[in-house]
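Here's the letter readout for the chains.
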Amino acid sequence: MSTLLRVDSSPLKGDASFSRQLTAEFVQHWQASHPGGRIITRDLVATTLPPVSAEWIGAAYSPAASRTQPQQEILAISDELIAELEAADEYVFGVAMHNFSIPSVLKLWIDQVVRVGKTFSYENGVIAGRLRDKKATFLVASGGVYEPGTPAAGMNFVEPYLRPVFGTIGARDTSFINAGGTAQVRFGVNRDTILQPALQSIRTQLQQAQVA
Ligand SMILES: Cc1cc2nc3c(=O)[nH]c(=O)nc-3n(C[C@H](O)[C@H](O)[C@H](O)COP(=O)(O)O)c2cc1C
């Protein structure tokens, strides 16, 4: 039985958020192609994620067997989030572009899950990710358009940032589906028209995965 981890990061709720609408569609199609599959849902806006502190670093870099009770407590949310990554075979992320990059809650999540001895280790001085054979799909909604060849293409820091982060933890099979131009709704463009190419890409990707 396959397991999909769905992670949302937009502060907007429900259909007000383009990226949440895309993750919902992805889950719906994934369920249709994975009967009996399990979904783990993690809404980062509904999760309290503390920033990394000196205490957190001290706990993460202490051997597990010698961690004090407060150190174990400080790592509890990190352990919980990593357990979700380990339990799932596949991940889908809804990403709202904020200031050319990812929402701050997604950065807080990354800082909790990229953890030495848990999701990566050093082998002969080289980083080795431990979450191998996991596939990650990122559904990115942005007000502007950043497709290759457009004037703003070089200002999209979402993909160049997320690829090496997930590479670090071993999830090298990543794909990005962009829903650019969501700001056009303010000028009367139909929401479904904006989302159509991304929705089609989601359907195509899941169909291809089924055939493979
Ligand atoms: C705080 C904030 C920062 C944003 N920064 C950018 C940006 O740098 N570039 C861009 O194209 N759109 C930007 N936008 C627009 C969002 O990317 C757009 O509304 C997108 O649909 C967000 O995804 P969501 O609908 O799932 O929340 C920003 C929106 C907010 C609220």
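Now for a quick tour of the structure. Note that this is a predicted model, so its numbers are computed, not measured. (Residues numbered from 1 in each chain as written. Predicted model: local features only at pLDDT ≥ 70, side-chain atom pairs only at ≥ 80, totals over all residues. Heavy atoms only, no water.)

Notes on the overall build of the protein chain
Check the secondary structure of the protein chain and you find seven helices and seven strands. Reading the protein chain from its N end, one meets helices and strands in the order β-α-β-α-α-α-β-α-β-β-β-α-β-α. Relative to the 2.2 N^0.38 estimate, which gives 17 Å for 212 residues, the radius of gyration of the protein chain is 18 Å and therefore close to what a compact globule would have. C-alpha extents for the protein chain along the principal axes are approximately 60 × 35 × 35 Å. Taking all 212 residues of the protein chain together, 45% fall into the buried category. Long-range pairs, those at least 24 residues apart, make up 75% of the contacts in the protein chain with a sequence separation of at least 6. (Helix = DSSP H or I, 4+ residues; strand = E, 2+ residues; numbered from the N terminus. Rg over C-alpha atoms; globule rule 2.2 N^0.38 Å. Buried < 20%, exposed > 50% of the residue type's maximum accessible area, 1.4 Å probe, protein only. Contact = heavy atoms within 4.5 Å.)

A few points about the packing of helix α4 (residues 76–87) against helix α5 (residues 104–113)
Each pair of packed helices gets described by two things: the angle between the helix axes and the distance between those axes. It is the contact of α4 with α5, at a shortest axis distance of 8 Å, that shows an interaxial angle of 90°. If you check the angle between α4 and α5, you find them roughly perpendicular. Touching I77, S78, L81, I82 and L85 of α4 are W109, Q112 and V113, all from α5. Looking at the contact of α4 with α5, its residues break down into six nonpolar, two polar and no charged. (Axes fitted to C-alpha atoms, helices over the stretch in contact; angles between N-to-C directions. Parallel < 35°, antiparallel > 145°, perpendicular 65-115°, else oblique. Nonpolar A, V, L, I, M, F, W, Y, C, P; charged D, E, K, R; others polar.)

Observations concerning α5
Residues of α5 that are buried include every one of L106, W109, I110, Q112 and V113, and no others. All buried residues of α5 lie within an arc of 160° about the axis, which places them on one face of the element. In this fold, the buried residues of α5 make contact with α2 (54–60), α4, β3 (90–96) and α6 (158–168). (Arc of directions from axis to C-beta.)

A look at the pairing of strand β2 (residues 38–43)
Pairing between strand β1 (residues 3–8) and β2: six bridges, direction parallel. Considered in β2, the bridge of V7 is made with R42. Between the parallel elements β1 and β2, the chain passes through helix α1 (residues 18–33) in a crossover that is right-handed. (Pairing = 2+ DSSP bridges. Right-handed = clockwise from strand over helix to strand, strands pointing away.)

No statement about biological role is implied by the geometric values presented.
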